[in-house]
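Observations on chain architecture
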Amino acid sequence: MRFDSRMILLGMVGLAAGLVWGLFEPRPTRLAFLAVGQGDCAVFQNEGTTLLIDAAPANEEWDAGERLAVPELRRLGVDRVDLALLTHPDSDHIGGLAGIARAFPVGAIGIPRRFAERPEIAKLKDEVGAPRLIPLSDGDRIEIGGFQLEVAVSEALPEDNAGSLMLRIRGGACSAVLTGDAPIDAEGLAERRFGGTPVQVLKAGHHGSRSSTGERLLRAMRPNWVVFSVGRNNPYGHPSQETLRRVEAAGARVWRTDRQGSAVFEASPSGFRPSGD
Ligand SMILES: [Zn+2]
């Protein structure tokens, strides 16, 4: 794994082992959106390296990281997390990381620079025992084998959701975009940065709220699938009918984690495809 802009080396041993292992027994390259209730937790696996993008919700009563994400990660063959990327510091995105870290070692935490100094992030780093905290900036790139993760972070808007880490995962014909909880006015950056090349998978922003996943983003991404990471009967009414209609009008298929469970996509020569397709 390699950070392009600052050349921070991460998990190279794991990567080299993965490459050698890959010669004998190729492991699938996967992008999965785990059913963790009302929150986010996605995992990208490639050549023996595992990345989390957000870490499931948790509060004092319920820890979806421990209860839901860990069993799902085990099912996907995860035994360590090389890098946990946190889109922004809301508890429905970071709350479950400590529970996940009790099950698997976590190599590093990556978070947009503007959140890196927050006390809750320092506390989380201690709880998780992650050796490294990596502040991420707009334009950073992370390389994992033949895949590239490109970071877009809107620096202009003050709210935490608007500062969400937005990410494109791309390798060969595979392409997916995740925008955290970014609202429509922050999506412009993702449109400019990632637009033009169709993606197979777009994660609906902010759990499908009506103020995310705008028409312009859908036009720029032309996704085959839009994944909604939502809890059953959540009190916010996510996903909104308005957003579902926008997605359907854009010709994309809908995957809802509250109804269909975890969405697992595997890399193929023609791009990410639902597992088992
Ligand atoms: Zn959220």
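One structure accompanies this document, and this report is about it. This structure is a prediction, so every number in the text was calculated from the model and none was measured.

**A short note on the overall build of the chain**
Check the secondary structure of the chain and you find nine helices and 16 strands. Taking 2.2 N^0.38 as the reference for a compact globule, 277 residues should give roughly 19 Å; the C-alpha atoms of the chain span a radius of gyration of 17 Å, in line with that estimate. Long-range pairs, those at least 24 residues apart, make up 67% of the contacts in the chain with a sequence separation of at least 6. With an accessible surface of roughly 11700 Å², the chain has 50% of that area assigned to carbon and sulfur atoms. Looking at charge distribution, the chain has the averaged site of its 32 positive side-chain charges lying 4 Å from that of its 35 negative ones.

**Observations concerning the nonpolar core**
Membership of the largest hydrophobic core comes to 32 residues, with the highest contact counts inside it found for L34, L52 and L97. The set of elements that each furnish at least two residues to this core consists of α2 (64-75), α4 (97-103), β6 (108-112) and α5 (119-128). The dominant element in this core, judged by the number of residues it contributes, is α2, at four residues. Filtering out sequence-adjacent residues up to four positions away, L34 remains in contact with C41, V43, A69, E72, L73, L76, S229, T257 and S262.

**Topic: the coordination of the zinc ion**
Note on the zinc ion: its protein donors are D92 (OD), H93 (NE2), D181 (OD) and H207 (NE2). The metal-donor distances range over 2.1 to 2.2 Å. Seen from the zinc ion, its four donor atoms lie at angles of 86 to 149 degrees, and the figure they make is irregular. Here H207 falls in the buried class, since its relative accessible area comes to 1%.

**Focus on unusual backbone geometry**
That bond from H238 to P239 is cis: its omega, -5 degrees, falls within 30 degrees of zero. Residue position: P239 is located in the loop between β13 (225-228) and α8 (241-249). Look at A56: it is not a glycine, yet its phi comes out positive at around 75 degrees. Tracing the chain through its elements places A56 in the loop between β4 (49-53) and α2. The exposure class assigned to A56 is buried, which follows from its relative accessible area of 0%. Positive phi outside glycine occurs at H207, with the angle close to 55 degrees. Considering the arrangement of structural elements, one finds H207 in the loop between β12 (201-203) and α7 (215-221).

**Observations regarding the sheet that holds strand β15 (residues 263-268)**
Judged by pairing direction, the sheet is mixed, and its eight strands sit side by side in the order β7-β6-β5-β4-β3-β2-β15-β16 without closing on themselves. The open sheet is flanked by β7 (132-136) and β16 (271-274), the only strands paired with a single partner. Between one strand axis and the next, the sheet turns by 20 degrees as a mean value, whatever way the strands run. Pairing of strand β3 (residues 42-46) with β4, which is carried by five bridges, proceeds in the antiparallel orientation. By the bridge assignment, N46 is partnered in β4 with T49.

**So, the pairing of strand β14 (residues 253-256)**
Sheet topology note: the β13/β14 ladder contains four bridges and is parallel. Paired with W225 across the two strands is R253, which belongs to β14. Crossover handedness for the path β13 to α8 to β14: right-handed.

Parameters and conventions
Residues numbered from 1 in each chain as written. Predicted model: local features only at pLDDT ≥ 70, side-chain atom pairs only at ≥ 80, totals over all residues. Heavy atoms only, no water. Helix = DSSP H or I, 4+ residues; strand = E, 2+ residues; numbered from the N terminus. Rg over C-alpha atoms; globule rule 2.2 N^0.38 Å. Contact = heavy atoms within 4.5 Å. Areas by Shrake-Rupley, 256 points an atom, 1.4 Å probe, with all protein chains shown as cover. Lys, Arg positive; Asp, Glu negative; His and termini not counted. Charge placed at Lys NZ, Arg CZ, Asp CG, Glu CD. Core = buried A, V, L, I, M, F, W, Y, C linked by side-chain atoms within 4.5 Å. Buried < 20%, exposed > 50% of the residue type's maximum accessible area, 1.4 Å probe, protein only. Donors = N, O, S within 2.8 Å, 3.2 Å for Na, K, Ca; no water. Tetrahedral: all angles 85-135°; square planar, octahedral: opposite > 155°, others 65-115°. Pairing = 2+ DSSP bridges. Axes fitted to C-alpha atoms, helices over the stretch in contact; angles between N-to-C directions. Right-handed = clockwise from strand over helix to strand, strands pointing away.

Shape is all these values report; function is a separate question.
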